[in-house]
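# Reading the structure
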Amino acid sequence: MQSEAEIRDRIEALQDEYDSHDPPTSGLEDEAEVAILRAIEELEWVLEERDEDDSFTI
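Scoring rules and cut-offs
Residues numbered from 1 in each chain as written. Predicted model: local features only at pLDDT ≥ 70, side-chain atom pairs only at ≥ 80, totals over all residues. Heavy atoms only, no water. Helix = DSSP H or I, 4+ residues; strand = E, 2+ residues; numbered from the N terminus. Buried < 20%, exposed > 50% of the residue type's maximum accessible area, 1.4 Å probe, protein only. Contact = heavy atoms within 4.5 Å. Areas by Shrake-Rupley, 256 points an atom, 1.4 Å probe, with all protein chains shown as cover. Expected span 1.5 Å × (residues − 1). Arc of directions from axis to C-beta. Patch = residues over 30% accessible without salt bridge, like charges linked within 9 Å, V, L, I, M, F, W, Y side chains within 5 Å. Salt bridge = Lys/Arg side-chain N within 4 Å of Asp/Glu carboxyl O. Lys, Arg positive; Asp, Glu negative; His and termini not counted. Charge placed at Lys NZ, Arg CZ, Asp CG, Glu CD. Core = buried A, V, L, I, M, F, W, Y, C linked by side-chain atoms within 4.5 Å.

### Focus on the overall build of the protein chain
Secondary structure assignment for the protein chain yields 2 helices and 0 strands. Residues counted as buried form 17% of the 58 residues belonging to the protein chain. For the protein chain, the share of sequence-separated contacts (at least 6 apart) that also reach a separation of at least 24 residues comes to 67%. With an accessible surface of roughly 4700 Å², the protein chain has 51% of that area assigned to carbon and sulfur atoms.

### Overview of helix H1 (residues 4-20)
Over its 17 residues, H1 extends 24 Å from the first C-alpha to the last, a length consistent with the 24 Å expected when each residue adds 1.5 Å. Taken together, the buried positions of H1 are occupied by Ile7, Ile11 and Leu14. Projected onto a plane normal to the axis of H1, the buried residues spread over an arc of 65° and lie on a single side. Turned more than 90 degrees from where H1 packs its buried face, Asp9 and Ser20 sit exposed.

### Some remarks on the environment of proline 23
Tracing the chain through its elements places proline 23 in the loop between H1 and helix H2 (27-53). Each C-alpha atom, one on proline 23 and one on glutamate 33, is 9.1 Å from the other, the two residues being 10 residues apart in sequence.

### Details of a negative patch on the surface
On the surface, Glu6, Asp9, Glu12, Asp16, Glu17 and Asp19 cluster together into a patch of negative charge. Counting through the fold element by element, glutamate 17 comes out in helix H1. Judged by its relative accessible area of 37%, glutamate 17 is partly exposed.

### Some remarks on the nonpolar core
With 7 residues, the main nonpolar core is built from Ile7, Ile11, Leu14, Ile36, Ile40, Leu43 and Leu47. Among the secondary structure elements, those contributing two or more residues to this core are H1 and H2. Those residues in contact with leucine 43 that sit more than four places away from it in its chain are Ile7, Arg10, Ile11 and Leu14.

Printed below as a string of structure tokens:
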């Protein structure tokens, strides 16, 4: 499993990639933009879930 720092770095890289294609100039870039936004949302969701689970220790 990746550390929180690695995940946050990945989110930042995805956001940079998203910004480099804004606004999309082709159908392919438009599809890539949607994929990037979904990946960002999924990574942010994982971080939120991890934050909620931090209250429990093993």
